[in-house]
Amino acid sequence: MVADRARGLVRHRFGRLVAGCMLAVLVAATPAHASTTFLISAFAHTATPKGVAVDRAGDVYIADATDNAVFKVTPAGASAVIAAGLNAPSGVAVDPGTGDVYIADTGDHEVKLLAPDGTLTVIAGTGSAGVPTPGPATASALGGPSGLALDSAGDLYIADGAGASGNPYVEEVTPAGTLSILAGRGTRGQPIAGAATSSPLRAPTGVALDASDNVFIADASANVVAKVTPAGVLSIFAGKANGAAGQPTAGTATSSRLNAPTGVATDAADDLYIADAANNRVEAVTPADRLSVFAGTGVSGTPSYGSSALASPLSGPAAVALTDAGTAYVANATHATVDRIALAPPAIAAVPAPTGTATQDHALSAATGTWNNAPTTFTYQWQRCAAAGLGCTNIAGATASTYTLTGADAGGTVRDLVTAVNAQGATTVASALSAVVIPQPPAALTPPGIAGTTIDVQTLAASPGTWTNSPTRFAYQWQDCDASGAGCTVIAGATQSTYTLTLSDVRATVRVSVTATNAGGHTTATSAPTTVIQPALTPWADTSPPGALSSPVVSGTAAVGATLACSTGSWSHSPSGYEYQWNRGNGPIANATAPTYTVTAADLGQALTCTVTASNSGGAIQADSSRVTIPRPVTCPPASGALAGAALGPLQLGDTRSQARILLPRFQAGARADSFCLVGGQGLRAVYASPTLVRAAIARADRAKVSGRVVLILSANRRYAIRGIHAGTRLTTTRTRRAHLGRPVRIGHSAWFIVAGGHANGVVEVRGSTVTVVGIADKRLSADRAAAKRLLANA
């Protein structure tokens, strides 16, 4: 039996259970007494319910002292006997971790454990009434066990003061089955502060623990609830220390009277609940020692089901238990019922009002308002209403606590529906209305327009254009402008949507500005100017043909693929139109009748001109542009011969690093100069064969300019080469450090080298626009041409 007791208490370490004489409480998510409105209804009927407890599945356990049994009632109301053949049981508790049920079998002076498999064993008491003795719990007598509770270590606490044979003790039993005295010295009397084992007790019937393992003892005959710390120090927690009985009063718990408190329990917030049997009430006390009434009117009577718990009578409440969700079960012993007290759905106490500026594009914030019955969450739905608050409809997707006003809200009001939710349901209320939403000022989407004939005495009509934010009215102002549409001035009095042209408008233009207004402000937009206003009578017409004042001019690059442009030139007598004809040599180019012309290969070496024909009602006159000659590019001779190795391509000028890596194109071998085609049609003249030719190139450097096209000199001698001498550049002399040659190109039996980037290891190097004489191999040239000739002569 002791082993069974140890098994049950060790398993209990999964969670803390607190229970009292006729009282058992599971932790509640929120303190139930924080709300003022409850609903009350009958949950179960038994002969004499003295103890009640609830497990985490919501099953309710009832100790029935008259039926000598313990009942289990499911949340759906199905009832079953789980233990029978008992003797006036008055306390019950459930281990939330294991499902073991602890029963205070008061008449048999024992505490029993009912395992989930139905096994019932004695864990404390001998079956005979007597004074408890420290030692094995099953070898110690008990007097009137009723209230039960388990601490975080699995120790069981027994309030042993029920009935005529009850003891003025609270015992503690360890998981190993050892019993000891927690409080009481064996004499009956009013509890006094100090060591718990030195204080008298009268009739302890309820016991409970908080999260810190403080033990609370309901001493029914002393009309107090005592508190014992883990260090064993006792103090009065609720009720008059002198034991004076009476109705409870809200405020300090030790200033309030109690009357036969039979059970105690704590919740997750360490609020203490007291089954105050003779007062027909249940009170709640916070850890700060503040007492309030939880249920009951103080008058014994039939509960008023469906009403507020504070407005309903109770009849000898002997126990109370709370679920995790805050629902309370009261063992109404005299009424023979276990009554359920459930937190009602939230009830509004103060209607919320949205906050913020009621202007388009501004955000409003929803307020929750003030509620009874402890809502746990809030949801929102914003609604759009008319200015007077009628015809409210939900705004799709507007379910956050804030809402940004849009143009659709302008001129109306908004509100939010606030739904408060708790475990018992949800309640929705509409907030107060916002102020009428002010729109943003209008903004023009398209500018105003003008319709009508721009002739003197004709009437023009303005359209306002299109606008955002619903303008409520438009204002107009017509303006006179010069012929180009600039220099506009207001026309006095012209403020209607129409305007009749006058003689003063002739040879000028007009435009109109439109000001759009709504409740948020106003914005002005202006139309484009009209065409020039013509007089109503046709003036004398000038019938002279155009006269050329200056010739057309052709502009653009004279190269194949480039586009040339032909100007009109300047003319007298206001031509009404122009025609163009491009010419090659002395003949027209077919289909070339646009103001521009793209040069083709057929134009190479040809002179191009552009003929412009200007016309008006008096006739048509032609004028020719000056000639533009399209130069021919360098003609490359046909390729012959071959180079060994990979396919060769054109040499890219101006990029010495690329020159060092790109092979020459195919060419005709021989000790003469050949032309090769480069990128963009430029010409390349390569000189190759012997140092004699190199010396000849140096000799030509005597000239101020290098004539002809680009000159590239290669050499079969690895020590020198000439590269990139651009036509028109000036030769100078300088010194430089050694650089390496590029990879060889084989021509016949000789290896030819191209100088590689940077400072070349050649005879001549181009640096920017200057050609300079440089060193050869490991040697240095003096800064004159003669030294270079001598060195080349010995190469």
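Residues numbered from 1 in each chain as written. Predicted model: local features only at pLDDT ≥ 70, side-chain atom pairs only at ≥ 80, totals over all residues. Heavy atoms only, no water.

### Here's the deal with the overall build of the chain
Part 1: Check the secondary structure of the chain and you find four helices and 65 strands.
Part 2: Looking at the chain residue by residue over its 795 residues, the buried ones come to 48%.
Part 3: Sequence separation of at least 24 residues holds for 53% of the intrachain contacts in the chain that already meet a minimum separation of 6.
Part 4: When the accessible surface of the chain is totalled, it reaches about 33,100 Å², and 55% of it is carbon and sulfur. (Helix = DSSP H or I, 4+ residues; strand = E, 2+ residues; numbered from the N terminus. Buried < 20%, exposed > 50% of the residue type's maximum accessible area, 1.4 Å probe, protein only. Contact = heavy atoms within 4.5 Å. Areas by Shrake-Rupley, 256 points an atom, 1.4 Å probe, with all protein chains shown as cover.)

### Quick look at the side chain of glutamine 360
Part 1: Along the chain, glutamine 360 turns up in the loop between β30 (347–350) and β31 (363–365).
Part 2: The exposure class assigned to glutamine 360 is buried, which follows from its relative accessible area of 6%.
Part 3: Polar side-chain contacts of glutamine 360 include one of 3.0 Å to the backbone nitrogen of glutamine 440.
Part 4: Discounting residues that sit within four places of it in the chain, glutamine 360 has contacts with Leu405, Thr406, Gly407, Val437, Ile438, Pro439, Gln440 and Asn469. (Polar contact = N/O pair within 3.5 Å; in protein donor to acceptor, adjacent residues only side chain to side chain.)

### Structural notes on the sheet that holds strand β15 (residues 170–173)
Part 1: One open sheet holds the five strands; their spatial order is β12-β16-β15-β14-β13, and the pairing between them is antiparallel. Edge positions in the sheet fall to β12 (135–136) and β13 (147–150), since each has one partner strand and no second. (Pairing = 2+ DSSP bridges.)

### Notes on the packing of aromatic side chains
Part 1: Counting across every chain of the model gives eight aromatic pairs.
Part 2: Here phenylalanine 43 and tyrosine 329 contribute two aromatic rings whose centre-to-centre distance is 4.9 Å and whose plane-to-plane angle is 65°, an arrangement assigned as edge-to-face. With phenylalanine 43 in strand β3 (residues 38–45) and tyrosine 329 in strand β28 (residues 328–332), this residue pair connects regions lying 286 residues apart in the sequence. Taken individually, phenylalanine 43 and tyrosine 329 each receive the classification buried, so the pair is uniform in this respect. (Phe/Tyr/Trp six-rings, centres within 6.5 Å; stacked < 30°, edge-to-face > 60°.)

### Some thoughts on the state of the cysteines
Simply put, disulfide is the name for a covalent bond between the sulfur atoms of two cysteines.
Part 1: Using the criterion set out here, one finds three disulfides in the structure.
Part 2: Disulfide pairing places cysteine 385 opposite cysteine 392 at an S-S distance of 2.0 Å. Because the sign of the S-S torsion sets the handedness, a value of about 115° for the bond joining cysteine 385 and cysteine 392 places this disulfide among the right-handed ones.
Part 3: Each disulfide pairs two cysteine sulfurs, and for cysteine 481 the partner residue is cysteine 488, the sulfurs being separated by 2.0 Å. (Disulfide = S-S within 2.5 Å.)

### Observations concerning the sheet that holds strand β34 (residues 393–394)
Part 1: Within the open sheet, the four strands sit side by side as β34-β33-β36-β37. Their pairing is antiparallel. Edge positions in the open sheet fall to β34 and β37 (425–430), since each of these has one partner strand only.
Part 2: One ladder, built from nine bridges, connects strand β33 (residues 377–385) with strand β36 (residues 413–422); its direction is antiparallel. Opposite arginine 384, over in β36, you have valine 414 as the bridge partner.

### Quick word on the confidence of the model for the chain
Part 1: Averaged over the chain, the pLDDT score is 77; the fraction of residues at 70 or greater is 74%.
Part 2: This model gives residues 1–36 a pLDDT under 50, and the stretch forms 167 contacts once residues within four places in sequence are excluded.
Part 3: Throughout residues 634–795 the model reports pLDDT below 50, and contacts reaching past four residues in sequence, or to other chains, amount to 294 contacts. (pLDDT = per-residue confidence, 0-100.)

### What to know about the pairing of β37
Part 1: For β36 and β37, the ladder comprises six bridges, and the chain directions are antiparallel. Counterpart to alanine 420 in the pairing with β37 is threonine 427.
Part 2: The hairpin formed by β36 and β37 contains two residues between the paired strands.

### Description of the environment of aspartate 409
Part 1: Among the secondary structure elements, aspartate 409 is positioned in the loop between β35 (402–404) and β36.
Part 2: Taking the C-alpha atoms as reference points, aspartate 409 and isoleucine 395, separated by 14 residues in sequence, lie 9.9 Å from one another.
Part 3: Setting aside residues up to four positions removed in sequence, aspartate 409 forms contacts with Arg384, Ile395, Tyr403, Val414 and Val437.
Part 4: A polar contact of 2.7 Å, which involves the side chain of aspartate 409, links it to the side chain of tyrosine 403.

### Here we look at the side chain of aspartate 64
Part 1: By the secondary structure assignment, aspartate 64 is in strand β5 (residues 60–64).
Part 2: As a buried residue without a salt bridge, aspartate 64 has its nearest oppositely charged side chain in lysine 50, at a separation of 8.7 Å.
Part 3: Engagement of the side chain of aspartate 64 in a polar contact is seen with the backbone nitrogen of aspartate 67, the distance being 3.2 Å.
Part 4: Aside from chain neighbours lying at most four places away, what touches aspartate 64 is Thr46, Ala47, Thr48, Pro49, Ala69, Phe71 and Pro89. (Lys, Arg positive; Asp, Glu negative; His and termini not counted. Salt bridge = Lys/Arg side-chain N within 4 Å of Asp/Glu carboxyl O.)

### Here we look at the nonpolar core
Part 1: Within the largest apolar cluster, 18 residues are counted, with the highest numbers of intra-cluster contacts made by Trp582, Leu608 and Cys610.
Part 2: With 16 residues, the next largest nonpolar core counts Val111, Ala115, Ile123 and Ala137 among its residues. (Core = buried A, V, L, I, M, F, W, Y, C linked by side-chain atoms within 4.5 Å.)

### Thoughts on the pattern of salt bridges
Part 1: Per the stated rule, a full pass over the model turns up six salt bridges.
Part 2: For aspartate 108, the salt bridge identified is with lysine 112, shortest N-O distance 3.5 Å.
Part 3: By relative accessible area, which is 23% here, aspartate 108 ends up partly exposed.
Part 4: In this structure, aspartate 603 engages arginine 584 in a salt bridge whose closest nitrogen and oxygen atoms are separated by 2.6 Å. A residue pair is termed long-range when its members are at least 10 positions apart, and aspartate 603 in the loop between β53 (596–598) and β54 (607–616) and arginine 584 in strand β51 (residues 577–584) qualify at 19 residues.

### Observations regarding unusual backbone geometry
Part 1: Residue asparagine 280 is not a glycine yet carries a positive backbone phi of 55°.
Part 2: Examined against the element boundaries, asparagine 280 turns out to sit in the loop between β24 (272–276) and β25 (281–285).
Part 3: One non-glycine residue, serine 470, lies in the positive phi region at around 50°.
Part 4: Of the residues examined, serine 470 reaches a relative accessible area of 58% and is grouped as exposed.

### Digging into the pairing of strand β4 (residues 49–54)
Part 1: Taking burial as the measure, the six residues of β4 include five buried ones, the bulk of the element.
Part 2: The hairpin turn running from β4 into β5, its antiparallel successor, is five residues long, and glycine 58 in that turn takes a positive phi close to 90°.

### A closer look at the environment of serine 365
Part 1: Looking at the secondary structure, you find serine 365 in strand β31.
Part 2: Classification of serine 365 by relative accessible area gives partly exposed; the value is 29%.
Part 3: Considered as a pair, serine 365 and serine 401 are 36 residues apart in the sequence and their alpha carbons are 5.9 Å apart.
Part 4: With residues up to four places along the chain from it excluded, the contact list for serine 365 reads Pro354, Thr355, Trp382, Ser401 and Thr402.

### Considerations on the environment of threonine 495
Part 1: Looking at the element boundaries, threonine 495 is found in the loop between β43 (489–490) and β44 (498–500).
Part 2: Note on threonine 495: relative accessible area 38%, which makes it partly exposed.
Part 3: In this structure, the C-alpha to C-alpha distance between threonine 495 and tryptophan 478, residues 17 residues apart in sequence, is 6.4 Å.
Part 4: Sequence-distant contacts of threonine 495, that is, excluding residues within four places in its chain, are made with Tyr476 and Gln477.

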